[in-house]
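Residues per chain are reported as follows:
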Amino acid sequence: MYLENQLYFIHYYYLTPMLPSIFMAVSSSLPVAFILVYQYCTKHKKNFYLWMVGVSIVFSFGLAYVEKMIGFIEMNKGFNYFHLFLIDIAVVLTAYWSTRFLIHIRNKANHD
């Protein structure tokens with residue numbers, strides 16, 4: 001929302017015009033994709049960090065590029081795909097580390 005208010009990253013089409021801009025289609029598909037990746041990596045003992053980077057690349061360099069070419073988004077003031085990539089990584093790492101911390105607390109409570 002900050003990026004839109006400062007005119008760095010503008011979304012032209014939303015899921016519904018009655019909801020704020022934060023509820024666009026990408027903001028709902030991105031967490032679902034990372035939840036699925038987390039579940040896959042946990043179940044199959046894969047490296048989550050490697051998969052997280054791959055999915056972030058697909059979303060920030062692939063899907064955002066397509067959205068820009070179609071005219072769904074606009075990037076201004078030097079904001080680019082790499083910035084989107086870094087934001088994706090920061091959000092996912094925060095969520096992942098928070099989840100791992102809560103799992104650690106739960107496991108510690110179960111052993112006591």
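To be clear, the structure that these remarks concern was listed above.
The shown structure was predicted, so the numbers you read here are calculated from the model rather than taken from an experiment.

If you had to explain helix H3 (residues 48-70) to someone new, which residues and values would you point to?
For H3, with 23 residues, the first-to-last C-alpha span of 31 Å sits near the 33 Å given by 1.5 Å per residue. Remark: the principal bend of H3, roughly 25°, maps to Ala64. Its side-chain oxygen 3.0 Å from the backbone nitrogen of Tyr49, Asn47 forms the N-cap of H3. Positive backbone phi, at 100°, marks Gly71, one or two positions downstream of H3.

Please give an account of helix H4 (residues 81-111) that cites residues and values.
For H4, with 31 residues, the first-to-last C-alpha span of 45 Å sits near the 45 Å given by 1.5 Å per residue. Between the side-chain oxygen at the start of H4 and the backbone nitrogen of Phe82 there is a gap of 3.0 Å, and the oxygen is on Asn80.

I'd like to hear about the side chain of Ser60, residue by residue, with values.
Residue placement: Ser60 occurs in helix H3. Note on Ser60: relative accessible area 0%, which makes it buried. Polar contacts involving the side chain of Ser60 include one to the main-chain carbonyl oxygen of Ser56, which spans 2.6 Å. Sequence-distant contacts of Ser60, defined by excluding residues within four places in its chain, comprise Tyr65, Tyr81, Leu84, Phe85 and Asp88.

Could you give an account of the packing of aromatic side chains, naming the residues involved and the relevant values?
Applying the stated criterion across every chain yields a total of nine aromatic pairs. Site record: aromatic cluster; members linked through ring pairs are Tyr38, Phe48, Tyr49 and Tyr96.

Quick one: what's the story with the side chain of Asp88, residue by residue and with numbers?
Within the secondary structure layout, Asp88 lies in helix H4. No salt bridge is formed by the buried Asp88; the nearest opposite charge belongs to Lys68, separated by 15 Å. Those residues within four positions of Asp88 in sequence are excluded, and the remaining contacts are Leu30, Ser56, Phe59 and Ser60.

Calculation criteria
- Residues numbered from 1 in each chain as written.
- Predicted model: local features only at pLDDT ≥ 70, side-chain atom pairs only at ≥ 80, totals over all residues.
- Heavy atoms only, no water.
- Helix = DSSP H or I, 4+ residues; strand = E, 2+ residues; numbered from the N terminus.
- Expected span 1.5 Å × (residues − 1).
- Bend = angle between axes of the 7 residues up to and from the residue.
- Polar contact = N/O pair within 3.5 Å; in protein donor to acceptor, adjacent residues only side chain to side chain.
- Buried < 20%, exposed > 50% of the residue type's maximum accessible area, 1.4 Å probe, protein only.
- Contact = heavy atoms within 4.5 Å.
- Phe/Tyr/Trp six-rings, centres within 6.5 Å; stacked < 30°, edge-to-face > 60°.
- Lys, Arg positive; Asp, Glu negative; His and termini not counted.
- Salt bridge = Lys/Arg side-chain N within 4 Å of Asp/Glu carboxyl O.

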